[in-house]
Amino acid sequence: MIDMLLIVCEQALLYFPLVLGAYISISLLKVPDLSIESSYVFGAICAARLMPQLSVLPLPALLCCTLLVSLCGGLLVGGVVFFLTRLFHVPHLLASILTIGLFHGVNQFVLGTANFSLAAYQNPLSWLNFVAVHPELPLLALLFIVLFALGAFLFRTQLGYSFLIYGNNPAFFTNYDISAKYVFCLGLLIANALAGLSGYCVAQSSSFIDINAGFGMALFSVTCLILGKAIVRQRLSSILIPVVGIFVYCIIQQLLLKIGFNLKYFTMIQSVIVLGILIYQYRHGALRKYKIDNLGV
């Protein structure tokens, strides 16, 4: 039982930055940010390609460098989507799809192969090794605390409320001489940077990078957010929604493993969970009154 709880915690902490980023872009800004799939992979690739040069550094310095580089990798993907949508007026969904296609080639070029092993290099996530069976857990917990505190602070600032306002009525800002582009840009960059950070953490924990690892990450994030909103039931932005969502998701996954469920069908289960919750909420009028929420997240 204890071992299962530790596994749930480790998995939830690894993916928490991704879900937090998706919460900002998909749930608050209400844009179909499929580009987080590319950010998830490219952030990991950027950090991995620098590992041979950075491996001579002590673990604390290596940790800071890899985390920063992975954030910048995700940031770059978010910047490409922003330029496509705001400078070239490409619809956001199409811009995200084009970005995924673009970075599939970029990832191949930068990584040089479909898979890249990290086993030969130091693992920065094991710097605070207090738990023998799960050496990365203490540092992941520390990273979670930092992101939780920053997220809770962000959602109580004017920028955090602006994300929420943008998702409900982007035209609001024109009446108060505030740049909607600025709000959209910052939200998109933060969301994709967090996705890149999560991609690196998962890749480092697995000791390898798969160029197709981003497949299904958008559905994964939406499932977590749907679960979080169904339980927390708070209309305003709350850091508890992505936290509760990711932990409940990982608990469900582990319970299915315990009963012998084949996880190759888990993508189907994610869709069923999302569909079931949405149908229930629409039938009971929980979402019907918010007609602007086209994404349902």
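Here, the structure is the one placed above.
Rules used throughout
Residues numbered from 1 in each chain as written. Predicted model: local features only at pLDDT ≥ 70, side-chain atom pairs only at ≥ 80, totals over all residues. Heavy atoms only, no water. Helix = DSSP H or I, 4+ residues; strand = E, 2+ residues; numbered from the N terminus. Buried < 20%, exposed > 50% of the residue type's maximum accessible area, 1.4 Å probe, protein only. Contact = heavy atoms within 4.5 Å. Areas by Shrake-Rupley, 256 points an atom, 1.4 Å probe, with all protein chains shown as cover. Lys, Arg positive; Asp, Glu negative; His and termini not counted. Charge placed at Lys NZ, Arg CZ, Asp CG, Glu CD. Core = buried A, V, L, I, M, F, W, Y, C linked by side-chain atoms within 4.5 Å. Expected span 1.5 Å × (residues − 1). Axes fitted to C-alpha atoms, helices over the stretch in contact; angles between N-to-C directions. Parallel < 35°, antiparallel > 145°, perpendicular 65-115°, else oblique. Left-handed = near helix turned anticlockwise from the far one by under 90°. Nonpolar A, V, L, I, M, F, W, Y, C, P; charged D, E, K, R; others polar. Patch = residues over 30% accessible without salt bridge, like charges linked within 9 Å, V, L, I, M, F, W, Y side chains within 5 Å. Salt bridge = Lys/Arg side-chain N within 4 Å of Asp/Glu carboxyl O. Phe/Tyr/Trp six-rings, centres within 6.5 Å; stacked < 30°, edge-to-face > 60°.

### Quick notes on the overall build of the protein chain
Then step 1. Across its full length, the protein chain carries 10 helices and two strands.
Then step 2. Going residue by residue from the N terminus, the α and β elements of the protein chain occur as α-α-α-α-β-α-α-α-β-α-α-α.
Then step 3. Viewed in the frame of its principal axes, the protein chain has a C-alpha envelope of about 55 × 45 × 35 Å.
Then step 4. Here the protein chain holds 297 residues, and the buried ones make up 51% of them.
Then step 5. A separation threshold of at least 6 residues defines the contact pool for the protein chain, and within that pool the share at least 24 residues apart is 77%.
Then step 6. Counting every atom, the protein chain has about 14,000 Å² of accessible surface; 69% of that belongs to carbon and sulfur.
Then step 7. Once the 14 positive and 8 negative side-chain charges of the protein chain are each reduced to a mean point, those two points are 15 Å apart.

### Some points on the nonpolar core
Then step 1. Ranked by internal contacts, the top residues of the largest apolar core, which has 87 residues, are Tyr15, Phe16, Leu18, Phe155, Ile209, Phe220 and Ile246.
Then step 2. Not counting chain neighbours up to four residues away, the residues in contact with Tyr15 comprise Tyr40, Ser198, Val202, Met217, Phe220 and Ile246.
Then step 3. Counting five residues, the second-largest nonpolar core is a separate cluster that includes Phe42, Cys46, Val69 and Val77.

### A look at unusual backbone geometry
Then step 1. The backbone phi angle of Lys30 is positive, close to 55°, even though this residue is not glycine.
Then step 2. With respect to the helices and strands, Lys30 occurs in the loop between helix H1 (2–28) and helix H2 (36–54).
Then step 3. Since its relative accessible area comes to 18%, Lys30 is described here as buried.
Then step 4. One non-glycine residue, His89, lies in the positive phi region at around 55°.

### Things to note about the environment of Phe215
Then step 1. Along the chain, Phe215 falls in the loop between strand E2 (208–210) and helix H8 (217–232).
Then step 2. Between the C-alpha atoms of Phe215 and Tyr40, which are 175 residues apart in sequence, the distance is 9.5 Å.

### Focus on helix H4 (residues 92–111)
Then step 1. With 20 residues, H4 should cover 28 Å at 1.5 Å per step; its first-to-last C-alpha distance of 27 Å lies within 8% of that length.
Then step 2. Among the residues of H4, His92, Ala95, Ser96, Thr99, Phe103, Asn107 and Leu111 are the ones counted as buried.
Then step 3. The elements touched by buried residues of H4 are H2, helix H3 (59–87), strand E1 (115–117), helix H7 (180–206) and E2.

### As for the packing of H1 against helix H5 (residues 137–154)
The description of two helices packed together rests on the angle between their axes and the distance between the axes.
Then step 1. Closest axis-to-axis distance for the H1/H5 pair is 10 Å, and the angle between their directions is 30°. As summarised for this structure, H1 and H5 are arranged roughly parallel, according to the angle between their axes. Note that H1 runs across H5; the crossing there is left-handed. Along the contact surface, H1 presents Leu6, Cys9, Glu10, Leu13, Leu14, Phe16, Pro17, Leu20 and Ile24, while H5 presents Leu137, Leu140, Ala141, Phe144, Leu147, Phe148 and Leu154.
Then step 2. Here the residues of the contact of H1 with H5 sort into 15 nonpolar, no polar and one charged.

### Side note on a nonpolar patch on the surface
Then step 1. A contiguous nonpolar surface patch, about 350 Å² in accessible area, is contributed by Leu93, Leu94, Ile97 and Leu98.
Then step 2. Relative to the helices and strands, Leu98 resides in helix H4.

### Let's talk about the packing of aromatic side chains
Then step 1. Under the defined criterion, the tally for this structure stands at 13 aromatic pairs.
Then step 2. Taken together, the aromatic side chains of Phe82, Phe83, Tyr166, Phe172, Phe173 and Phe184 make up a single cluster linked through ring pairs.

### Points about the environment of Phe16
Then step 1. Topologically, Phe16 is positioned in helix H1.
Then step 2. Classification of Phe16 as buried rests on a relative accessible area of 1%.
Then step 3. Apart from the residues lying within four places of it in its own chain, the contact partners of Phe16 are Phe144, Leu147, Phe148, Ile239, Pro242, Val243 and Ile246.

Everything listed here is a matter of geometry and, on its own, says nothing about what the molecule does.
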